[in-house]
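Residue-level structure breakdown
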Amino acid sequence: MTGGSQIALASDRAFSPGWFLAGIALAFLCLLTPRPASANVVLSFEWLDSGGVFQPTEDVPMRGRITNTGDMSLIDAVNFGTITIAGVAPEVFDNYVEFLTGGFSFGPDTSPYTLPPSGSVDFTIATWRPFPITGSPGDPVPLGSYVVPNAALSNWVASTFNPFVQTPITTSGAGDFRWTVVPEPSSALLLLLSGVGVFLRQKKSCSGGDRAGV
């Protein structure tokens, strides 16, 4: 067999329809094969103590939880975020004070912290202290309901520094933080006894009127 015949034979084999179709089929199978999704850190926030009941002179702690709902660990992170005055009801600022309000950074007491998938960290974001606008620190605040809206939580991220990465913390699903102020037990008892006294006096007065009409 001559050299030219060998080259022609090799060329026929290289460009044969069978090999060409096999290559297309292999490429198609590669496209159909599912590729593993890239791992991500996904952080979400929820309140722990919303809906609490407090007395007029008690501090109100705002505690929350950050959970990693992703499939990759968050390593050595610290939080940065702000509590703004956006939408906060006037009665909160008229009756409480909090040094974090207005844009200071905060983070868990355990910073830096590591969160594996499904891991969580609990921490106190702020503490509202009684300070009526017409009174002094520690004076009792009015009874009733108070709210810090979800809109007051802004620009929340968890930062890692080696390498530097900022992961947003989703707060939209947490809702508003609410609490209710009720009378102190001694005050409630006095109110109850006062109400009983009024009832007995009215009953006695009615009984006296009935006798006078007899």
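Anything mentioned here points back to the structure above.
Residues numbered from 1 in each chain as written. Predicted model: local features only at pLDDT ≥ 70, side-chain atom pairs only at ≥ 80, totals over all residues. Heavy atoms only, no water.

Taken in spatial order, the eight strands line up as 5-7-3-1-10-9-4-6 in an open sheet, and their pairing is mixed. Where the open sheet ends on each side, the last strands, each with one partner, are strand 5 (96–97) and strand 6 (113–115). Two strands pair when backbone bridges link them, and strand 9 (residues 153–161) and strand 10 (residues 164–170) are joined in this way by five bridges, in the antiparallel orientation. When the sheet's bridge partners are listed, Ser159 is paired in strand 10 with Gln166. (Pairing = 2+ DSSP bridges. Helix = DSSP H or I, 4+ residues; strand = E, 2+ residues; numbered from the N terminus.)

In the sheet, strand 3 (residues 60–68) pairs with strand 7 (residues 120–130) via eight bridges, with the strands oriented antiparallel. Each bridged residue has a counterpart across the sheet, and for Arg65 the counterpart in strand 7 is Asp122. With two bridges connecting them, strand 5 and strand 7 associate as antiparallel partners. Looking at strand 7, one finds that Val97 is bridged to Arg129.

Let us look at the packing of aromatic side chains. As enumerated under the stated definition, the model contains nine aromatic pairs in all. Between the aromatic rings of Phe161 and Phe164, the centroid separation amounts to 5.6 Å while the plane-to-plane angle is 40°, which identifies the pairing as tilted. On the basis of relative accessibility, which here comes to 52%, the residue Phe164 falls in the exposed class. One aromatic cluster is present, built from ring pairs that chain together Phe45, Trp47, Tyr96, Tyr146, Trp156, Phe177 and Trp179. (Phe/Tyr/Trp six-rings, centres within 6.5 Å; stacked < 30°, edge-to-face > 60°. Buried < 20%, exposed > 50% of the residue type's maximum accessible area, 1.4 Å probe, protein only.)

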